[in-house]
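Structural overview for review
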Amino acid sequence: MFSLTVRSHFMIAHSLPREAFGPAQGLHGATFVAEVTFRRRALNEDEIVLDIGAAGKVLDSVLDGLNYKNLDEHPDFAGKLSTTEALARYIADAVAAQIRDGADGRELAGLDVTLREHPDAWAGYSLDFAAS
């Protein structure tokens, strides 16, 4: 399996209003490093997984909808918790929606999103295109 990873960062505000989240129950900010790894069983005719520039543009366009936003007010998170894990799934689904219709996207096996909230803590979500 071949892979290509691109990354960028974004900042959000949100609250996690459940007792399990302790001090994070209140409104607070978070800065994430988002990494998206595209997986492919065989390289394309150009001997790449995906064009790096195109992959970066897709990630940036998804993150533009989140960057500097209060997720408590974001329509896509209405009534939902915006945990790191939930954000990873949201980004994976949004990236997949943009990439899968392209020629290279149809050949991808899947993608993985890792959100690094802290150097010692991160969460991720994997999307297998064969299963979806």
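Rules of the game
- Residues numbered from 1 in each chain as written.
- Predicted model: local features only at pLDDT ≥ 70, side-chain atom pairs only at ≥ 80, totals over all residues.
- Heavy atoms only, no water.
- Helix = DSSP H or I, 4+ residues; strand = E, 2+ residues; numbered from the N terminus.
- Rg over C-alpha atoms; globule rule 2.2 N^0.38 Å.
- Buried < 20%, exposed > 50% of the residue type's maximum accessible area, 1.4 Å probe, protein only.
- Pairing = 2+ DSSP bridges.

Across its full length, the protein holds 3 helices and 5 strands. Secondary structure elements of the protein, listed N to C terminal, follow the sequence β-β-α-β-α-α-β-β. Since a compact globule built from 132 residues should have a radius of gyration of about 14 Å, the 16 Å found for the protein is in line with a globular shape. Seen through its principal axes, the protein has C-alpha atoms that stretch 50 × 30 × 25 Å. For the protein, with 132 residues in total, the buried portion stands at 40%.

Examined bridge by bridge, strand β2 (residues 28-40) and strand β4 (residues 110-118) share 7 bridges and lie antiparallel to one another. In the strand pairing of β4, V33 is matched with R116. With 8 bridges joining them, β4 and strand β5 (residues 121-128) adopt antiparallel strand pairing. By the bridge assignment, R116 is partnered in β5 with W122. Counting the residues in the hairpin turn of β4 and β5 gives 2 residues.

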